[in-house]
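# Breakdown of the fold
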Amino acid sequence: MLCTVTGAPAPIRMPPTEMLSVVHPLIQDTDGRKGLFNFKEVEGAVAYDVYLSLDPQGRGALKVKTLKKSGERVDGLKANTKTYVMLVYRMKNGKASKPSPIFEYVLDDTFAQK
């Protein structure tokens, strides 16, 4: 006998968090290739996946790093370029959130010693 399941519920996704800012890490690291990612932390979240895209709609976004908390550093960024970031957080039970709203930032290369 063949058994089919109909009307199975869609997986529940947690509500998104929100990006607050992307800033240069230190006075000597202002080449635009490193940034501190600040966002609203979610109680119970164990990891925050950072997705970057060069498209304002977020198409082609790539996961570049997993952060443990707000304010951590991400390296390998593209200086002087509009970049769009989205976050997805994960809970201890493995459930993932919806992606955060797209956040636009530009880290200028202001390093004087070239």
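Refer to the structure above for everything that follows.
The text that follows walks through the structure, step by step, so that each part is easy to find. (Residues numbered from 1 in each chain as written. Predicted model: local features only at pLDDT ≥ 70, side-chain atom pairs only at ≥ 80, totals over all residues. Heavy atoms only, no water.)

The subject of this paragraph is the sheet that holds strand β2 (residues 34-39). What the three strands build is an open sheet, ordered β1-β2-β5; its pairing is antiparallel. In this open sheet, the two strands that pair with only one neighbour each are β1 (19-23) and β5 (72-75). On average, each strand axis in the sheet is tilted by 30° relative to the strand beside it, whichever way the strands run. Examined bridge by bridge, β1 and β2 share four bridges and lie antiparallel to one another. In the sheet register, S21 faces β2, and the bridge partner there is N38. (Pairing = 2+ DSSP bridges. Helix = DSSP H or I, 4+ residues; strand = E, 2+ residues; numbered from the N terminus. Axes fitted to C-alpha atoms, helices over the stretch in contact; angles between N-to-C directions.)

Turning our eyes to something else, we now look at the nonpolar core. If you look at the biggest cluster of nonpolar residues, it comprises 18 residues, and the most contacted ones within it are M19, F37, V85 and Y105. Put simply, the parts of the chain that give this core at least two residues each are β1, β2, β3 (45-53), β6 (83-91) and β7 (103-105). (Core = buried A, V, L, I, M, F, W, Y, C linked by side-chain atoms within 4.5 Å. Buried < 20%, exposed > 50% of the residue type's maximum accessible area, 1.4 Å probe, protein only.)

With that out of the way, let us pick up unusual backbone geometry. In this structure, N80 is a non-glycine residue whose phi angle is positive, near 55°. Within the secondary structure, N80 sits in the loop between β5 and β6.

All right, on to the sheet that holds β6 then. Reading across from one edge, β4-β3-β6-β7 is the order of the four strands in this open sheet, with antiparallel pairing throughout. If you trace the sheet from one side to the other, it starts and ends with β4 (62-67) and β7, each paired once. Taking each pair of neighbouring strands and ignoring which way they run, the sheet shows an average axis angle of 35°. Note: β3 against β6, eight bridges, orientation antiparallel. The partner of Y48 across the bridge, within β6, is Y89.

In this section: the packing of aromatic side chains. Within the structure shown, the criterion is met by three aromatic pairs. Plain terms: the ring middles of F37 and Y105 are 5.9 Å apart, the flat faces sit at 80° to each other, and that makes the pair edge-to-face. Highlighted residues: F37 in strand β2 and Y105 in strand β7, separated in sequence by 68 residues. Both residues of the pair, F37 and Y105, belong to the buried class. Here Y48 and Y89 contribute two aromatic rings whose centre-to-centre distance is 6.3 Å and whose plane-to-plane angle is 50°, an arrangement assigned as tilted. Highlighted residues: Y48 in strand β3 and Y89 in strand β6, separated in sequence by 41 residues. For the pair shown, Y48 and Y89 are each scored as buried. A connected cluster of aromatic rings, assembled from ring pairs, spans F39, Y48 and Y89. (Phe/Tyr/Trp six-rings, centres within 6.5 Å; stacked < 30°, edge-to-face > 60°.)

Applying the stated criterion to the full structure yields seven salt bridges. Put simply, K40 and E18 hold a salt bridge, and the shortest N to O gap is 3.0 Å. Here K40, found in the loop between β2 and β3, pairs with E18, found in the segment before β1; they are 22 residues apart in sequence, far enough to count as distant. Since its relative accessible area comes to 37%, E18 is described here as partly exposed. The network of salt bridges with shared partners includes D31, R33 and K34. (Salt bridge = Lys/Arg side-chain N within 4 Å of Asp/Glu carboxyl O.)

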